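# Inside the fold
Each chain, letter by letter, is given below.
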Amino acid sequence: MVDKYSVLLPTYNERDNLPIIIWLLCKYFDLSKENYEIIIIDDGSPDGTLDVAKQLQEIYGKDKIVLRPRAKKLGLGTAYIHGIKHATGNFIIIMDADLSHHPKFIPEMMKQQRKHDYDIVSGTRYVGDGGVYGWDLKRKIISRGANYVTQILLRPGASDLTGSFRLYRKEVLEHLVSTCVSKGYVFQMEMIVRARQFGYTIGEVPISFVDRVYGESKLGGNEIFQFAKGLIYLFCTT
């Protein structure tokens, strides 16, 4: 069986970033000579993201760019469920559309998965050459602190729990999404914690995370509160 990779790209107000991330994805997949598709799940962006996506589909073709829009913002977990239903690949890659995650790391993710037969390969900011660029000191401290506390309380066996740049076997992602109940930033954390709970194997690839180029970052006080609440929930249930 020839592997096929389905990239799920949930979008909301990403009209400036979308053409760049699509070009980069196609570039690195084509260089790797891999079979792929990019599924764009736009949640009713008022900035015209869907119109840009339609133009990109005309350029790259309907076999490479698959549009599966929704009427409004319904959450990241449901976006993945929606995307999985339309994915034809046996592997699924999740990542942000805001250029925070560079597609140049995908070939190494695929390589590590094949070499070790991992169920999940996660991009990590906290191992090897991984790092974060474009954040101020406050946000770096919050991120590092949250990750440190999470490691102590949950002992997940993975170095970067809140990252959202990952490669999954399709059936593994389907299982995890169906069992996770968290929302927002905690959702990604629960996915890894549940994966360990179910005995799935997890590999890691160091990545450089770059703060979004266009648009506004969405981290605020409410997200921090929800993270703390979710951490307590996972500590009590895993």
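Everything below is about the structure shown above.
Now for a look at the structure at hand. (Residues numbered from 1 in each chain as written. Predicted model: local features only at pLDDT ≥ 70, side-chain atom pairs only at ≥ 80, totals over all residues. Heavy atoms only, no water.)

## Observations regarding the overall build of the protein chain
Condition: The helix and strand labels rest on DSSP assignments: H or I over at least four residues marks a helix, E over at least two residues marks a strand, and numbering proceeds from the N terminus. Radius of gyration here uses only the C-alpha atoms, and the compact-globule reference equals 2.2 Å multiplied by the residue count raised to the power 0.38. Summary of the burial criterion: residues with accessible area below 20% of their type's maximum are buried, those above 50% are exposed, and those between are partly exposed, where the area comes from a 1.4 Å probe applied to protein chains only. Here, two residues are considered to be in contact whenever any of their heavy atoms come within 4.5 Å of each other. Each accessible area is a Shrake-Rupley estimate made with a 1.4 Å probe; only the visible protein chains count as cover when residues are assessed.
A count of helical and extended segments in the protein chain gives eight helices and nine strands. The C-alpha radius of gyration computed for the protein chain amounts to 17 Å, which stays within 12% of the reference 18 Å derived for 238 residues, consistent with globular compactness. Oriented by its inertia axes, the alpha-carbon framework of the protein chain measures out at about 50 × 40 × 35 Å. The 238 residues of the protein chain split such that 53% are buried. Pairs at least 24 residues apart make up 80% of the contacts formed inside the protein chain by residues separated by at least 6 positions. Here the protein chain displays about 11400 Å² of accessible surface, and carbon together with sulfur accounts for 55% of that area.

## Some remarks on the sheet that holds strand β8 (residues 202-206)
Put simply, the rule is: Two strands are said to pair when DSSP picks up at least two bridges between them. Every axis corresponds to a line fitted to the C-alpha atoms, with the helix fit spanning only the stretch in contact, and the corresponding angles, defined between N-to-C directions, vary from 0 to 180 degrees.
Read across the sheet, seven strands follow the order β3-β2-β1-β4-β7-β5-β8 without closing on themselves; strand pairing throughout is mixed. The open sheet has two free edges, formed respectively by β3 (65-67) and β8, since each of these has just one partner strand. Direction aside, neighbouring strands of the sheet carry axes that sit 25 degrees apart on average. With four bridges connecting them, strand β4 (residues 91-94) and strand β7 (residues 166-169) associate as antiparallel partners. Within β7, the residue paired with I94 across the bridge is R166. In the packing of helix α6 (residues 170-179) onto the sheet, the strands contacted are β4, β5 (120-124) and β7, and the crossing angle to β7 comes to about 100 degrees.

## Some details on the pattern of salt bridges
Rules: Within this document, salt bridges are pairs made up of a side-chain nitrogen of Lys or Arg and a carboxyl oxygen of Asp or Glu, the two lying within 4 Å of each other.
What the rule picks out here adds up to eight salt bridges. The salt bridge partner of R114 is E34, with a shortest N-O separation of 2.8 Å. Here the residue R114 occupies a position in helix α4 (residues 106-116), and E34 occupies one in the loop between α1 (18-32) and β2 (35-42), the gap between them amounting to 80 residues. Using a relative accessible area of 15% as the deciding quantity, one classes E34 as buried. Its salt-bridge partner being E190, residue R194 comes within 3.0 Å of it at the nearest N-O pair. With a gap of four residues between them, R194 and E190 both fall in helix α7 (residues 184-197), about one helical turn apart. You'll find R194 and E190 in the same group, each marked buried.

## Observations concerning α1
Quick note on the threshold: Take the residue count of a helix, subtract one, and multiply by 1.5 Å to get its expected span.
For α1, with 15 residues, the first-to-last C-alpha span of 21 Å sits near the 21 Å given by 1.5 Å per residue. At its buried positions, α1 is contacted by β1 (4-11), β2, α2 (49-60), β3, β4 and α4. Looking one or two residues past α1, K33 carries a phi angle of roughly 60 degrees, positive in sign.

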